[in-house]
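This is what each chain is made of:
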Amino acid sequence: GMPRVVYVQPTGTQQEVELAVGSTVMSGALANDISGIDGDCGGQCACGTCHVYVAEEWVGRVGGAGERESEMLMFAAAVQPNSRLGCQITIERDLEGLTVHLPDGQH
């Protein structure tokens, strides 16, 4: 099967979806109508509308933001050390169960 990713809304509601390897956290959210991720720039790392917080236990596996991504995150609200742009997290087989939290106010 495909890796499952869990999206957690600010309200605590969880949505678990299967995403194809090679897709991204952002594209998976758009394909599954998950609110809170807009992806205005289409995944070009040119906006902050796919901002997510990577669950603490996944931060080491997913890694940190790259330089351009970090610049974009400066425009996002309430950035935390575990902030990433969803368009920059590529789904791999070993990310089964990856959990990301959606920021409040990105709706």
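Shown above is the structure to which this text applies.
All figures in this text were calculated on a predicted structure; none of them were measured in a lab.

(A) Representation of the sheet that holds strand 3 (residues 51-54). If you walk across this open sheet you meet the 5 strands as 2-1-5-3-4, and the pairing is mixed. The sheet is open, and its two edges are formed by strand 2 (14-18) and strand 4 (83-85), each paired on a single side. Direction aside, neighbouring strands of the sheet carry axes that sit 35 degrees apart on average. Relative to strand 5 (residues 98-101), strand 1 (residues 4-8) runs parallel, the two sharing 4 bridges. Note on strand 5: the bridge partner recorded for Val8 is His101.

(B) Representation of the nonpolar core within the structure. Counting residues in each nonpolar core, the largest one holds 27 residues, and the members touching the most others are Tyr7, Val25, Ile37 and Leu98. Secondary structure elements with two or more residues in this core: strand 1, helix 1 (25-31), strand 3, helix 2 (56-62), helix 3 (67-73) and strand 5. No other element matches the 3 residues that helix 1 contributes to this core. Not counting residues up to four positions away in its chain, the partners in contact with Tyr7 are Thr13, Gln14, Gln15, Val17, Leu19, Val25, Gly28, Ala29, Ile34, Ile37 and Val100.

(C) Broad picture of the pattern of salt bridges. Evaluation of the coordinates by the stated rule reveals 3 salt bridges. Notably, a salt bridge pairs Arg4 with Glu96, separated by 2.5 Å at the nearest N-O pair. Taken together, the positions of Arg4 in strand 1 and Glu96 in the loop between strand 4 and strand 5 put the pair 92 residues apart, joining distant regions of the chain. In this structure, a network of salt bridges that share partners links the residues Arg4, Glu16 and Glu96.

(D) The pairing of strand 1, seen in detail. By the criterion of burial, strand 1 is predominantly enclosed, with 4 of the 5 residues buried. In this structure, strand 1 lies alongside strand 2, joined through 5 bridges in antiparallel fashion. Along strand 2, the bridge assignment pairs Val5 with Val17.

(E) Region of the structure containing the side chain of Glu69. With respect to the helices and strands, Glu69 occurs in helix 3. Beyond its immediate chain neighbours, meaning those up to four positions away, Glu69 contacts Cys45, Arg84, Leu85 and Gln88.

(F) Highlighting unusual backbone geometry. Residues other than glycine seldom take positive phi values, yet Asp33 does so here, at roughly 55 degrees. With respect to the helices, strands and loops of the structure, Asp33 is situated in the loop between helix 1 and strand 3. Using a relative accessible area of 68% as the deciding quantity, one classes Asp33 as exposed.

Here is what the cut-offs are and how they apply
- One numbering rule holds for all chains: residues counted from 1, following each sequence as written.
- At least 70 in pLDDT is required for a residue's local features to be given in this predicted model, at least 80 for side-chain atom pairs to be given and counted, and no such filter applies to totals for whole chains, interfaces and linings, which use all residues.
- Based on all heavy atoms of the structure, the side-chain values leave hydrogens and waters out of the count.
- Think of it this way: DSSP has to see at least two bridges between two strands before they count as a pair.
- Under the DSSP-based scheme used, a helix requires at least four consecutive residues in state H or I and a strand at least two consecutive residues in state E, with every element numbered from the N terminus.
- Axis geometry follows a simple rule: fit a line to the C-alpha atoms, using only the stretch in contact for helices, then measure angles between N-to-C directions, giving values from 0 to 180 degrees.
- We define the nonpolar core as a collection of buried residues of types Ala, Val, Leu, Ile, Met, Phe, Trp, Tyr and Cys that are connected through side-chain atoms lying within 4.5 Å of one another.
- Each residue's exposure class comes from its accessible area (1.4 Å probe, protein chains only) as a fraction of the maximum for that residue type: buried when under 20%, exposed when over 50%, partly exposed otherwise.
- What makes two residues a contact is simply this: any of their non-hydrogen atoms within 4.5 Å.
- When a carboxyl oxygen of Asp or Glu is within 4 Å of a side-chain nitrogen of Lys or Arg, the pair counts as a salt bridge.

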